[in-house]
Amino acid sequence: MSNTFTVKDMNLWYGDFHALKDVSLDIPKGQITALIGPSGCGKSTFLRSLNRMNDLVQGCRITGDIRLCGENIYGSMDVNLLRKRVGMVFQKPNPFPMSVYDNIAYGPRTHGIRKRAQLDEIVERSLRDAAIWDEVKDRLNRSALGLSGGQQQRLCIARALAAQPEVILMDEPTSALDPISTGRIEDLALDLKNDYTIVMVTHNMQQAARISDRTVFFLLGEVIESGETEQIFSLPKDSRTEAYVTGRFG
Amino acid sequence: MTRKYYDEQLDALHAELINMGQMISGAIGKAVAALLSRDTARAREVIAYDDEVDRQERAVETMCYKLLLSQQPVAGDLRRVSSALKIITDMERIGDHAADISELTLMLDALPRMSNAHLREMAAQTTEMLLHSLEAYVEQDMDKAHAVIAQDDAVDALFVAVKRDLVEAIRVDPQAGEAAADLLMAAKYFERIGDHATNIAEWAVFAHTGHHAQA
Amino acid sequence: MRSWKRWHRDARRHPLSALVSLITHLAALCTVLILGFLVAYILINGIPNLKPALFSLTYTSENQSMLPAILNTCTMTLLSLLLAVPVGVGASIYLTEYAPRGSRLVALVRLTTETLSGIPSIVYGLFGMLLFGNALHLGYSMLSGALTLAIMILPLIMRTTEEALCSVPDMYREGSFGLGAGRLRTTLCVVLPAAVPGILSGVILGVGRIVGETAALMYTSGTVEKVAGLMDSGITLSVHMYRQASEGLYTEQAYATAVVLLALVLMINLLASRLAGKITKGRQA
């Protein structure tokens, strides 16, 4: 399957507000796709539809076809299984008020893994993959809340990885972090794309240009343009895209 | 419209480019006048003026780097600034050619005068090409840019005409050989100026459309 | 000395602020003095009357032992909590985590809870006597008393639990859902543990109320001065003190009882804050 997600004619309403209009796009496998656009354009809404987090919002209605590797995610697929396959990292780092170990083990434990040895292995592997093992290996049983902001966000990434997803959704993952932590997480994303498909919402144009392979520009709930990142940032086809990426509005 | 300061910086850049263009076109005019009237004093002025032109080039270059550093432009904005960097290189070469023509004037000093209408025409046309190509860049006028690119053919034709004239002049008066040879070199410099102006017009097209118009 | 000078300078420049500052300081002093006076009065009158006889295993009119009452108070507290906490915490979990926002049921339950918390305890006592004592034939018993007290502290438990649950940031729930956990697991493994300090403080408040409750227990658990079993009638410490003081014959022993009661409440509060502190510390760095 060369496209992890295929979306056709998706529409989303929050009550009467038509938040996403006739969105059709493909998310290719093993690449980083960036979703850009001004505030309120629907990119975060779209991201959250990919793992059905919008189900938690009352009054949210979705029509259209969203498929994960060919399967309709709003069909008979178990929503918890979907969220295992499609992990999420949020804008503000949100480690649980538990130890580092318990944070990482939460996902595997939820999905049935109980044996200590297995959990130990998963915890170490996830922390290594998230480039934070060396910093926490001596304090696995201490609270995760004692870590710095950048470390917490990498912990959240490790936590998402521990559930062994196929896709990682990132909602402005570095907007609350300092430049050095941001750089580390960008490097991490570039490493991760070898094994996972990554979809990232970002406000930072330079970040999208730096690390994404494809970029999708949202405006007022519609997809204006979608294509290779290099093309979007050097020769955008739509004048609205050009105006947005050069900072003339938004 | 956001990015007011950025647009102001771009406007300042454009103004400096036009300024540099006018400096150089002035230099070309002076150089050809000095050449055809054997005015060595004027020629020396043009040669000294080249330092000014180089200083202006550095100044505009610094402005471009500042823009790149502080604004991190993308898409059209990036093309504009990077084109400006290429354009001042071509302009600086044109300035150098004007100085080179004045060097010839100094060498021709002792030799008899030799006028040539076609040479004057070349000077006029290439000056026009320079100014129009800069305008095409600043105003994003593609028609002007393409006109300049087409005009290069006319300048090349004029060069051939000058060569014919000079060959005829030598046939008529073999003593005029050295003067004629130097004039031919001057004509070659003008032809090169025309090529550089054409390059500037091509960069103007690239800045606007993203495609390089290889003439 | 330096701060006095500065205060004096500020006072002259801003007399109104100085006046308000003075008044607020005096008010604070008042409250401390009142509390101090209360405690001092009880201690001064009570401590001299603390005799070993007051702690004999069985009560007689002579020794006026409060030990059976103390033991009954412990039993009553545990029993009431056992009844109230699961119901209260469970109901609050439903209201905050499961019920759809703005549902009618939620509004109704909230209204009911607020109303219940305003009812005077003597009314609870009479209600308990009529329902548990008479209608359900439990008579005067510890069970009857515990049931009544459970209803009384239910609103308190529910309110504090709800506040504790609401104060758990939504981002924890989101994080849990994002990992594929269902609502039950999220509530039990992430939300509830984070809310424990708040819930515990509500429980402590409930304990304080139970220990001090007199009117309601007089009509439900009775005044028998014996260590009571579930279905037996038994007196608690505060009712014991009330009886001693109202009979007029044992005022000194009443003071002694008051001292013990005060000490008990203080100990409970201390234990509670130590416990909450330990739990909170375990969650942070």
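Keep in mind it's a predicted model, so treat the numbers as computed, not measured.

Cut-offs used in this document
- Residues numbered from 1 in each chain as written.
- Chains lettered and ligands numbered in written order.
- Predicted model: local features only at pLDDT ≥ 70, side-chain atom pairs only at ≥ 80, totals over all residues.
- Heavy atoms only, no water.
- Helix = DSSP H or I, 4+ residues; strand = E, 2+ residues; numbered from the N terminus.
- Rg over C-alpha atoms; globule rule 2.2 N^0.38 Å.
- Buried < 20%, exposed > 50% of the residue type's maximum accessible area, 1.4 Å probe, protein only.
- Contact = heavy atoms within 4.5 Å.
- Areas by Shrake-Rupley, 256 points an atom, 1.4 Å probe, with all protein chains shown as cover.
- Pairing = 2+ DSSP bridges.
- Axes fitted to C-alpha atoms, helices over the stretch in contact; angles between N-to-C directions.
- Buried area = accessible area lost by both parts, 1.4 Å probe.
- Salt bridge = Lys/Arg side-chain N within 4 Å of Asp/Glu carboxyl O.
- Nonpolar A, V, L, I, M, F, W, Y, C, P; charged D, E, K, R; others polar.
- 1 Å grid on protein atoms, 1.4 Å probe; cavity = no way out; pocket = protein on both sides within 12 Å on 5 of 7 lines; lining within 4 Å.
- Points joined across faces, edges and corners; volume = space filled by probe spheres on them.
- Domains from an automatic or database assignment.
- Expected span 1.5 Å × (residues − 1).
- Bend = angle between axes of the 7 residues up to and from the residue.

Explain the overall build of chain C to me, please; I cannot follow it from the model alone.
Within chain C, the secondary structure is distributed over eleven helices and zero strands. When the elements of chain C are put in sequence order from the N terminus, they spell out α-α-α-α-α-α-α-α-α-α-α. Relative to the 2.2 N^0.38 estimate, which gives 19 Å for 285 residues, the radius of gyration of chain C is 24 Å and therefore markedly larger than a compact globule would have. Overall, the C-alpha framework of chain C stretches about 65 × 65 × 35 Å when taken along its three principal axes. With 285 residues in all, chain C has 41% of them scored as buried. The contacts in chain C between residues at least 6 apart in sequence include a share of 72% that link residues at least 24 apart. For chain C, the accessible area works out to roughly 15,700 Å², and carbon and sulfur atoms hold 71% of it.

When you look at the sheet that holds strand S9 (residues 214-219) of chain A in this model, what are you seeing that I'm missing?
Where strands meet in a sheet, backbone hydrogen bonds hold them as pairs that are either parallel or antiparallel. All names here are of chain A. With respect to topology, six strands assemble into an open sheet ordered S6-S7-S8-S3-S9-S10, the strand pairing being mixed. Pairing within the sheet leaves two strands with one partner each, and these edge strands are strand S6 (86-89) and strand S10 (222-228). Averaged over neighbouring strand pairs, the angle between their axes works out to 20 degrees when direction is ignored. Here strand S7 (residues 167-171) pairs with strand S8 (residues 197-201) via five bridges, running parallel. Looking at S8, one finds that Val167 is bridged to Thr197. The sheet contacts of helix H1 (residues 43-50) involve strand S3 (32-36), S6, S7, S8 and S9, and relative to S7 the element is tilted by about 150 degrees.

Just to check I follow, could you spell out the interface of chain A and chain B for this structure?
On the chain B side, the residues contacting the eleven residues of chain A number 15 residues. Summing both sides of the interface, chain A and chain B together bury roughly 960 Å²; the carbon and sulfur share of this comes to 48%. Counting the contacts that link chain A with chain B gives two salt bridges. Arg248(A) serves as the salt-bridge partner of Asp7(B), at 2.9 Å between the closest nitrogen and oxygen. Of all elements in the fold, only helix H9 (229-234) and helix H10 (239-245) of chain A reach the threshold of two or more residues within the side of chain A that touches chain B. Its residues assigned to classes, the side of chain A that touches chain B comprises five nonpolar, four polar and two charged.

Before we go on, may I ask you to explain the sheet that holds strand S1 (residues 3-14) of chain A in this structure?
All names here are of chain A. In space, the four strands of this open sheet follow the order S2-S1-S4-S5, with antiparallel pairing throughout. Edge positions in the sheet fall to strand S2 (17-28) and strand S5 (71-72), since each of these pairs with one other strand and no more. Against the sheet, H1 makes contact with S1, S2 and strand S4 (60-68), and its axis sits at roughly 120 degrees relative to S1, the strand it touches most.

It is not clear to me how the environment of Ala135(C) should be interpreted in this structure. Could you clarify?
All names here are of chain C. By secondary structure assignment, the location of Ala135 is in helix H5 (residues 121-135). Relative accessible area serves as the criterion here: at 49%, Ala135 is assigned to the partly exposed category. Residues Ala135 and Tyr98, spaced 37 residues apart in sequence, show a C-alpha to C-alpha distance of 35 Å.

Help me understand the pairing of S1(A) in this model?
Every regular strand shows the same layout, with side chains that alternate between the two sheet faces. Residue and element names in this part refer to chain A. The sheet contact formed by S1 and S2 spans eight bridges and is antiparallel. Each bridged residue has a counterpart across the sheet, and for Thr6 the counterpart in S2 is Asp26. Relative to S4, S1 is paired through eight bridges, and the arrangement is antiparallel. Each bridged residue has a counterpart across the sheet, and for Asn11 the counterpart in S4 is Thr63.

For this particular structure, what's the right way to read the pattern of salt bridges?
Pairing between side chains becomes possible if they bear opposite charge and their charged atoms approach one another. Scanning the entire structure with this criterion turns up 34 salt bridges over all chains. Notably, a salt bridge pairs Glu174(C) with Arg48(A), separated by 3.0 Å at the nearest N-O pair. Of this pair, Glu174(C) sits in helix H7 (residues 170-178) while Arg48(A) sits in helix H1, each in a different chain. Residue Glu174(C) is classed as partly exposed on the basis of its relative accessible area of 23%. By relative accessible area, which is 16% here, Arg48(A) ends up buried. Note that Asp213(A) is salt-bridged to Lys193(A), the shortest N-O span being 3.1 Å. Here the residue Asp213(A) occupies a position in the loop between helix H8 (205-211) and S9, and Lys193(A) occupies one in the loop between helix H7 (179-192) and S8, the gap between them amounting to 20 residues. Look at Asp213(A) and you get partly exposed, because its relative accessible area is 24%.

Just to check I follow, could you spell out the interface of chain A and chain C for this structure?
Accessible area lost during the coming together of the parts is what is often quoted as the interface size. On the chain C side, the residues contacting the 29 residues of chain A number 23 residues. Our count for the contact surface shared by chain A and chain C stands at one salt bridge. Listing elements by their share of the side of chain A that touches chain C, those giving two or more residues are helix H2 (79-85), S6, helix H3 (100-110) and helix H6 (149-162) of chain A. Of the residues belonging to the side of chain A that touches chain C, the class tally is 13 nonpolar, eight polar and eight charged.

Teacher, can you tell me more about the arrangement of the chains here?
Counting contacts across all two pairs of chains found in contact, the highest total belongs to chains A and C. Taking C-alpha atoms as the reference, chain B and chain C come no closer than 34 Å and do not contact one another.

Which parts of the structure should I look at to understand the layout of surface pockets?
Space left empty within the atom packing is revealed by a probe, the size of a water molecule, rolled over the atoms. All names here are of chain C. In this structure, the largest pocket spans a volume of roughly 660 Å³. Its residues assigned to classes, the lining of the largest pocket comprises twelve nonpolar, four polar and nine charged. If you add up the space inside the second largest pocket, you get close to 340 Å³. If you go around the second largest pocket, you meet 15 residues; those closest to its centre are Thr77, Val207, Val211, Ile268 and Leu271. Residue assignment for the lining of the second largest pocket shows that the elements contributing at least two residues are helix H3 (67-98), helix H8 (183-212) and helix H11 (251-283). When grouped by side-chain class, the residues that make up the lining of the second largest pocket number 13 nonpolar, two polar and no charged.

Which parts of the structure should I look at to understand the side chain of Thr110(A)?
Within the element layout of this structure, Thr110(A) appears in helix H3. What Thr110(A) contacts, discounting residues up to four positions off in sequence, is Gly180(C), Ala181(C) and Arg185(C).

I keep staring at the domain arrangement of chain C and nothing clicks. Help me out?
Residues and elements named next belong to chain C. For chain C, the assigned domains are domain 1 (4-49) and domain 2 (52-284). Here the C-alpha centroids of domain 1 and domain 2 sit 34 Å apart. With eight residues of domain 1 at the interface, the matching set in domain 2 holds seven residues. Contact between domain 1 and domain 2 buries roughly 640 Å² in total, counting both sides, with carbon and sulfur atoms accounting for 79%. The three residues of domain 1 that bury the most area against domain 2 are Ile42, Gly46 and Asn49, which together make up 62% of that side's buried surface. Counting the contacts that link domain 1 with domain 2 gives zero salt bridges. In terms of residue class, the side of domain 1 that touches domain 2 is made up of five nonpolar, three polar and no charged.

Before we go on, may I ask you to explain H5(C) in this structure?
Because each turn of an α-helix spans 3.6 residues, side chains separated by three or four positions end up pointing in the same direction. All names here are of chain C. Here H5 is 15 residues long and its end C-alpha atoms lie 20 Å apart, about the 21 Å a rise of 1.5 Å per residue gives. Residue Gly128 marks the point of greatest curvature in H5, where the axis turns by about 30 degrees. Restricting attention to buried positions, one finds in H5 the residues Tyr124, Gly125, Gly128, Phe132 and Gly133. Next to the buried residues of H5 lie helix H4 (104-118), helix H6 (142-167) and helix H9 (215-218). Looking one or two residues beyond H5, the residue adopting positive phi is His137, at roughly 55 degrees.

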